[in-house]
Amino acid sequence: MNNALVAKQQLVELNQRLMAQFTAHESIESLVSQRSQFVDTLLSDTWCQLALNDFPISLIAVGGYGRSELHPHSDIDLLILLQTDAICQQAEAQLSAFITFLWDAGLEVGHSVRTLPQTLDLGRNDITIATNLIEARYLCGNEYQFDLLYDSLRQQDFWPSERFYSAKKAEQQNRHTKGSAFDLEPNLKTCPGGLRDIQTIAWVAMRHFDAAKLEDLVAHEFLTPSELDELLACQRFLWQLRFALHMISNRNENRLLFDLQRQVASMMGYEDATQLAVEQMMKQYYRTVRCVIELNEMLLQLFKRATLGQTHALVIQPINECYQRRGRFIEVLDDSLFSRCPEEIIRLFYIVAQNSNIQGIYAPTLRLLRQARQGLSQALQEDDACRKAFMDILKHPRGISSLSLMHKHGILSSYLPAWRKIEGQMQFDLFHAYTVDEHTHRLLLNIDRFSQADQKDEFPLGAILINQLPKKGLLVLGAIFHDIAKGRGGDHSKLGAKDAVDFCKLHGLNDHDGRMVAWLVEQHLVMSITAQRRDISDPEVVAEFAHKVRDAVHLSYLYCLTVADICATNEKTWNSWKGSLLSDLYFSTQRVLARGKEKPIDVRARVQEIQAKAKKELLRRGLKEKDMETLWSRFKSDYFLRHQASQVAWHTEAIIKHGQQDEPLILLSKQATRGGTELFVYSKDKPKLFATVMTVLDNKNINVHDANIMTSKDNYALDTFVILEQDGEAINQLSRIQSIRKALEKALASDNPKLPKFRKMARIMRPFNVPTQVSFLPSARQGTSLMELIALDSPGLLAKVGDIFYRCDVTLIAAKITTIGERAEDFFILQTHEGKALDEPSQQKLAQSLTLALSAHASSM
């Protein structure tokens, strides 16, 4: 039928009109309804044109289309209901023509062709089909058939309320395991707090009350008017996001992908200000899903209690004159308690801390708590009794579990106004996987984990230190305030420290404790930066850090906060390599603090000590002392100062056995060392050696985290790297190790190797633009320059950097490689070929060359 082309053009014009109405802020309800009405008319007209009304067949909308809700690229779900299995050839041909027309017109159609008995049988055995059917809406054709279906679906034997509720709850729980509400690229339909959670509330209640829409549930006293307003506001916002997402992606896309988020924010009218437009939009999104999650939990529990009569199974245990435990929930005994006594809002959570059997709030109590929360005229921390109850929570061993519950139900923001500002606050990058409030919440849970016996293997040092802290509550406060000033502009550490001081004064903490909390907040990044981006084998670096830390108590507090913070940033951030760095820095600093003042290192004594330990091990393995001494005479003192005795022994044995061969020697540790796999390269030094190694490793999808680059007196490279897989694990598969070794041997054996092309940049990286920044820092080590590089973490970045070093006549001594989401934040120790620090003209030349080359490199990916 040629009319399909006309219909396709009409759909294009409809989308254009809807787009214009959307940007003019016309109601989203009107837009999804208009599209549904247009499709209704198109289907009915086509049905009639094909004379399908002449046959005993019904055309029925089901699913979202049955609710008259269609977004620009939503599927058109149809049930074609037959009177009997056997239909004439003409009807079959016309039905085929009907479906073909819809596809040719550009509609995404999902259809089934069944008789009434088949439909009911399938519906009884499949909760998804049953759910689609209860939203069935007549379009055209045999109306009597539809009426039979409608009546049959409302019979008690077709999914009784109790069974339907249980199935939908199980379906939701299963769906929630597949994604988080706080994913960087959330699915608007299926993630916790998404559209499916709103629909689930409607489905279970509508099934029981035979209601047609959410608004009808107020009359049944299942929803209060204010709860209905909240749900509809949440649905409206999620619909707006989904509508814009469909328009921009030009497909049925429900994931807020990074490369679409900026465009969606722009279409919805957000503009960059103190916060980016995309961050403002996502902040509203995260607040919306948190609201839906709470309403969904409360209403489904209320439904189970009020309509399914399942209260008898919960054992009631009195707590005091105000509260009782009902099963695993806490329940208030006086409906007016929270409104009369605001301090009870906080005291409830203290009682939760005291009772390990309580895991949640009973739905009727949660409804009262929500109403009290919404009716507050001032922050709860302004009330003396509330402050006392909050401090009781802070001091309790299970206080963090109560703070977690307070965060979940919006009470932490009701208590602490600054917390409200970070609720839903996201950062548009790949490093911070969670909103600021959710990150801090996870940080608190990590602090709690340190005290758990089953976590000792993962956090051995944290498990010891957490129990040695004089006051664990100070660490908890430091955690609460460490990021509380994000999104305000300015240095969030300093602003947060001021907030912490004000809080401590208001809550009566002594000056010493208040200063400790403020110090933790202001310095919460210093240990992570020092360990990951500085040369902690340099005594001067450790001494400077020890000066900032002051004493062993501050060091222990800061270590616990740092580890918990890193682990809470995203699921991939923490690994053995970072754990090794932080513990090394902790113990090095502890030794400095114990001595009171760092003494100058005796280079000769240190070299002799390392050689003696290595020699003892090598003699045990049967090597000759003369061979060791001959080899070591070729090495500079710096080699021994920058390696452990076990590394020296490993390298020495392999080099002696390698003999005088011209081929490069490539070693990879079979067991994880320093939290990763150690790669050692011994080869005649040559131009671009570092760049060549980086190119090969990048092509193998290997992450480089640390590099010690040095040459022997006779110009042999003695380069050591710590490398990991993309998931942060050490490289331990024999086939993988052999593959890396062979690729490096081949590349380094040639003076002009044919190197593989760089990998393509991943889709998720493309929306980001990280301006290249090069800065030089003061160096305590004579004859060296310290350089920090910030750039987009594009494939081949380190290879390109190595090439620029070569072109600028710069020698690389060491490197610390840190990837923070889409950002590379790398630290290099450099010098000239003559062994001197870079002068200012050389620094400027290098900075300009790096900026120019890396910007071009990133844009070519």
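Residues numbered from 1 in each chain as written. Predicted model: local features only at pLDDT ≥ 70, side-chain atom pairs only at ≥ 80, totals over all residues. Heavy atoms only, no water.

J.: Outline the overall build of the chain, listing residues and values.
T.: The helix and strand inventory of the chain stands at 37 helices and 17 strands. The dimensions of the chain, computed from C-alpha atoms along their principal axes, are 100 × 75 × 50 Å. Taking contacts inside the chain between residues at least 6 apart in sequence as the whole, the part at least 24 apart equals 71%. For the chain, the exposed surface amounts to about 38,000 Å²; the carbon and sulfur share of it is 48%. (Helix = DSSP H or I, 4+ residues; strand = E, 2+ residues; numbered from the N terminus. Contact = heavy atoms within 4.5 Å. Areas by Shrake-Rupley, 256 points an atom, 1.4 Å probe, with all protein chains shown as cover.)

J.: Just give me the short version of helix H17 (residues 384-395), but keep the residues and values in it.
T.: Its 12 residues give H17 an end-to-end C-alpha distance of 17 Å, which sits within 8% of 16 Å, the value for a rise of 1.5 Å per residue. Tucked inside the fold, the buried residues of H17 contact helix H15 (343-354), helix H18 (399-408), helix H19 (411-415), helix H23 (472-481) and helix H24 (492-506). The opening residue of H17 is aspartate 383, an N-cap whose side-chain oxygen sits 2.9 Å from the backbone nitrogen of alanine 385. (Expected span 1.5 Å × (residues − 1). Polar contact = N/O pair within 3.5 Å; in protein donor to acceptor, adjacent residues only side chain to side chain.)

J.: Would you mind going over the packing of aromatic side chains in detail, with residue names and values included?
T.: For the structure on display, the rule yields 28 aromatic pairs. Seen in terms of ring centroids, phenylalanine 146 and tyrosine 150 are 6.1 Å apart; in terms of plane orientation they differ by 45°. Their pairing is tilted. Here the residue phenylalanine 146 and the residue tyrosine 150 both occupy positions in helix H7 (residues 143-153), the gap between them amounting to 4 residues, near one helical turn. Of the residues examined, phenylalanine 146 reaches a relative accessible area of 10% and is grouped as buried. (Phe/Tyr/Trp six-rings, centres within 6.5 Å; stacked < 30°, edge-to-face > 60°. Buried < 20%, exposed > 50% of the residue type's maximum accessible area, 1.4 Å probe, protein only.)

J.: Explain H7 residue by residue, including any values.
T.: Every buried residue belonging to H7 is among Gln145, Phe146, Leu149, Ser152 and Leu153, and all of these are buried. Here the buried residues of H7 occupy an arc of 125° about the axis, which is enough to place them on one side. If you follow the buried residues of H7, they end up packed against strand S1 (57-61), strand S2 (76-82), helix H5 (116-125), helix H6 (127-134), strand S4 (137-141) and helix H9 (195-209). Between the side-chain oxygen of the N-cap and the backbone nitrogen of tyrosine 144 there are 3.0 Å, and the N-cap of H7 in question is asparagine 142. (Arc of directions from axis to C-beta.)

J.: Outline the nonpolar core, listing residues and values.
T.: Ranked by internal contacts, the top residues of the largest apolar core, which has 214 residues, are Leu43, Leu241, Tyr285 and Ile346. A total of 15 residues in this core trace back to one element, the largest contributor, which is helix H13 (residues 277-307). If you look at the next biggest cluster of nonpolar residues, it comprises 45 residues, including Met694, Ile740, Phe805 and Cys808. (Core = buried A, V, L, I, M, F, W, Y, C linked by side-chain atoms within 4.5 Å.)

J.: Provide a residue-level description of the side chain of arginine 326, including the pertinent values.
T.: Inspection of the secondary structure assignment puts arginine 326 in strand S6 (residues 323-326). Here glutamate 331 takes part through its side chain, which lies 2.8 Å from a polar atom of the side chain of arginine 326.

J.: Got a sec to walk through the sheet that holds strand S8 (residues 360-361)? Specific residues and values, please.
T.: Sheets are built from strands paired through backbone hydrogen bonds, the pairs being either parallel or antiparallel. Ordered by their spatial adjacency, 4 strands build an open sheet running S5-S6-S7-S8, and the pairing between neighbours is mixed. Of all the strands in the sheet, the pair left with one neighbour each is strand S5 (316-318) and S8. As paired strands, strand S7 (residues 329-332) and S8 are joined by 2 bridges and run parallel to one another. Across the sheet, the residue bridging to isoleucine 330 is isoleucine 361, located in S8. (Pairing = 2+ DSSP bridges.)

J.: I'd love a proper account of the side chain of serine 583, names of residues and values included.
T.: Residue position: serine 583 is located in helix H29 (residues 576-595). Residue serine 583 is classed as buried on the basis of its relative accessible area, which comes to 18%.

J.: Could you give me a rundown of the pattern of salt bridges, with the residues and numbers involved?
T.: The full count for this structure, using the stated rule, is 50 salt bridges. Here glutamate 625 and lysine 615 are joined by a salt bridge, their closest N and O atoms 3.2 Å apart. In this pair, glutamate 625 is assigned in helix H31 (residues 625-632) and lysine 615 in helix H30 (residues 603-620), connecting sequence segments 10 residues apart. Glutamate 625 gets classed as partly exposed once you look at its relative accessible area, which sits at 36%. Exposure remark for lysine 615: the relative accessible area of 19% places this residue in the buried category. Salt bridges sharing partners connect three or more residues here, namely Glu617, Arg620, Arg621, Glu653 and Lys657. (Salt bridge = Lys/Arg side-chain N within 4 Å of Asp/Glu carboxyl O.)

J.: Go over the packing of H18 against helix H21 (residues 436-450) with me, naming the residues and quoting the values.
T.: As a packed pair, H18 and H21 sit with axes 9 Å apart at the nearest point and diverge in direction by 160°. Relative to H21, the element H18 lies roughly antiparallel. The handedness of the crossing between H18 and H21 is left-handed. Contact residues: H18 offers Ile400, Ser404 and His407, while H21 offers Asp437, Glu438, His441, Leu444, Leu445, Ile447 and Asp448. Partitioned by chemical class, the residues of the contact of H18 with H21 number 4 nonpolar, 3 polar and 3 charged. (Axes fitted to C-alpha atoms, helices over the stretch in contact; angles between N-to-C directions. Parallel < 35°, antiparallel > 145°, perpendicular 65-115°, else oblique. Left-handed = near helix turned anticlockwise from the far one by under 90°. Nonpolar A, V, L, I, M, F, W, Y, C, P; charged D, E, K, R; others polar.)

J.: Break down the packing of helix H26 (residues 526-533) against helix H27 (residues 539-549) for me, citing the residues and quoting the values.
T.: One way to put it is that H26 packs onto H27 with a least axis distance of 11 Å and a crossing angle of 175°. By the angle between their directions, the pair H26 and H27 is classed as roughly antiparallel. Residues Val526, Met527 and Thr530 of H26 form the contact with H27, whose participating residues are Val541, Phe545 and Lys548. Taken together, the residues of the contact of H26 with H27 sort by class into 4 nonpolar, 1 polar and 1 charged.

J.: Report on the pairing of strand S15 (residues 810-816), specifying residues and quantitative values.
T.: Regular strands show a simple pattern: their side chains alternate between the two faces of the sheet. Within S15, 6 of the 7 residues are buried, which leaves the element mostly enclosed by the surrounding structure. Two strands pair when backbone bridges link them, and strand S11 (residues 703-708) and S15 are joined in this way by 3 bridges, in the antiparallel orientation. Across the sheet, aspartate 706 pairs through a bridge with lysine 816, a residue of S15. Across 6 bridges, the pairing between S15 and strand S17 (residues 823-832) is antiparallel.

J.: Can you tell me about the sheet that holds strand S3 (residues 109-115), naming the residues and giving the values?
T.: Read across the sheet, 4 strands follow the order S3-S2-S1-S4 without closing on themselves; strand pairing throughout is mixed. Because the sheet does not close on itself, it has two edges, and the strands there are S3 and S4. The average angle at which neighbouring strand axes cross in this sheet is 25°, direction not considered. Here helix H2 (residues 28-49) sits on the sheet and contacts S1, S2 and S4; the angle it forms with S4, its principal contact strand, is near 25°.

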